[in-house]
Amino acid sequence: MSRVRVASFSVSVDGFGAGARQDINNPLGVRGPEMFSWFFQTEVWNKMHGQSGGGRGVDNEMALRRFENVGAWILGRNMFGPVRGPWPDESWKGWWGEEPPYHVPVFVLTHHARAPLAMKGGTTFQFVTDGIEAALKQAKEAAQGKDVRIGGGVSTIRQYLATGFIDEMHLALSPVLLGEGELLFAGIDLRQLGYAVARTVAGENATHVVIQKS
């Protein structure tokens, strides 16, 4: 059965899911990449970038699961790029070059319409202007029974959490204190929304926490 899930989303010990002051030079916010150190050291990461080596332990195993049975993605506009307001043109095609790592339809939440963008490797970005429910409906249809992955960023995950649409979250708790940025759970009562911790696994460089809706 199709699920809506978050996978391998890195969070600092003090609860931030992104650093402050995101821009074209800091797509994850200032110091944001520190939260992903666990992922950068895995074999999965190296293979994604055409390199060999990398760890094959627990962190790598958890990272591998992020790709399993995913039929469509949903991203917030900030995850797609640093452009704000109306699109000045269609020159920005994402952070990932000509072949993004998704290889399935990706639905980008935005207030400003834009034509679909087909990329190499099977990724097509669809820009959705009528809200999170519309994006989820389209993503489920495109996924054809597979899972819909909510890729981020923090604001997008918070919106889907607050409405109870997310079935499962895999969070990678990184041993980093950011001090500032975007808090993932501020003002959200996960227990009241029906969520509970289903599994905790200690990795080499992060602690992996799986939260599920009961």
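Please read all numbers here as calculations on a predicted model, not as lab measurements.

Novice: Teacher, can you tell me more about the sheet that holds strand β10 (residues 195–202) here?
Specialist: Picture the strands of a sheet paired through backbone hydrogen bonds; they go either parallel or antiparallel. Read from one edge of the open sheet, 9 strands run β5-β6-β4-β3-β7-β1-β8-β11-β10, paired in mixed fashion. At either end of the open sheet lies a strand with only one pairing partner, and these are β5 (117–118) and β10. Judged from the 5 bridges that link them, strand β4 (residues 105–109) and strand β6 (residues 124–128) form a sheet pairing that is parallel. Considered in β6, the bridge of Leu109 is made with Val128. The strands touched by helix α5 (residues 132–143) within the sheet are β1 (4–12), β3 (70–76), β4, β6 and β7 (147–152), with β3 carrying the most contacts at an inclination of about 160 degrees. Its contacts with the sheet put helix α6 (residues 154–162) on β1, β3, β4, β7, β8 (168–174) and β10, and the angle it makes with β7 is roughly 135 degrees.

Novice: What should I look at first to understand the packing of aromatic side chains in this one?
Specialist: Between two aromatic rings, the relevant description is the distance of the centres plus the angle of the planes. In the structure shown here, the tally under the stated rule is 15 aromatic pairs. Ring geometry for Trp38 and Phe39: centres 5.5 Å apart, planes at 40 degrees, overall tilted. Classification of Trp38 as buried rests on a relative accessible area of 2%. Aromatic pair Phe80 and Trp87: ring centres 6.0 Å apart, planes at 80 degrees, arrangement edge-to-face. The class of Trp87 is buried, set by a relative accessible area of 14%. Members of the aromatic cluster, each reached through a chain of ring pairs, are Trp73, Phe80, Trp87, Trp96, Tyr102, Phe125 and Phe127. Against the face of Trp87 rests Arg77, its NZ or CZ located 3.8 Å from the ring centre. Just above the ring of Trp87 sits the side chain of Arg114; from NZ or CZ to the centre is 4.8 Å.

Novice: Which parts of the structure should I look at to understand the environment of Val176?
Specialist: With respect to the secondary-structure elements, Val176 resides in the loop between β8 and β9 (182–183). Judged by relative accessible area, which is 11%, Val176 ranks as buried. In this structure the C-alpha to C-alpha distance between Val176 and Val11, which are 165 residues apart in sequence, comes to 8.5 Å. In this structure Val176 touches Ser12, Val13, Asp14, Arg31 and Glu34, once residues within four positions along its chain are discounted.

Novice: Quick question: what am I supposed to make of the pattern of salt bridges here?
Specialist: Oppositely charged side chains are able to pair whenever their charged atoms sit close together. One pass over the full model with this rule turns up 8 salt bridges. Between Asp147 and Arg3 there is a salt bridge, with the nearest N and O atoms lying 3.0 Å from each other. You can see Asp147 sitting in strand β7 and its partner Arg3 sitting in the segment before β1, a full 144 residues away along the chain. Look at Asp147 and you get buried, because its relative accessible area is 0%. With a shortest N-O distance of 2.9 Å, Glu34 and Arg31 are connected by a salt bridge. For Glu34, a relative accessible area of 35% corresponds to the partly exposed category. If you follow the salt bridges from partner to partner, you end up with Arg3, Arg5, Asp147 and Glu168 in one network.

The rules behind these values
Residues numbered from 1 in each chain as written. Predicted model: local features only at pLDDT ≥ 70, side-chain atom pairs only at ≥ 80, totals over all residues. Heavy atoms only, no water. Pairing = 2+ DSSP bridges. Helix = DSSP H or I, 4+ residues; strand = E, 2+ residues; numbered from the N terminus. Contact = heavy atoms within 4.5 Å. Axes fitted to C-alpha atoms, helices over the stretch in contact; angles between N-to-C directions. Phe/Tyr/Trp six-rings, centres within 6.5 Å; stacked < 30°, edge-to-face > 60°. Buried < 20%, exposed > 50% of the residue type's maximum accessible area, 1.4 Å probe, protein only. Lys NZ or Arg CZ within 6 Å of the ring centre and 35° of its normal. Salt bridge = Lys/Arg side-chain N within 4 Å of Asp/Glu carboxyl O.

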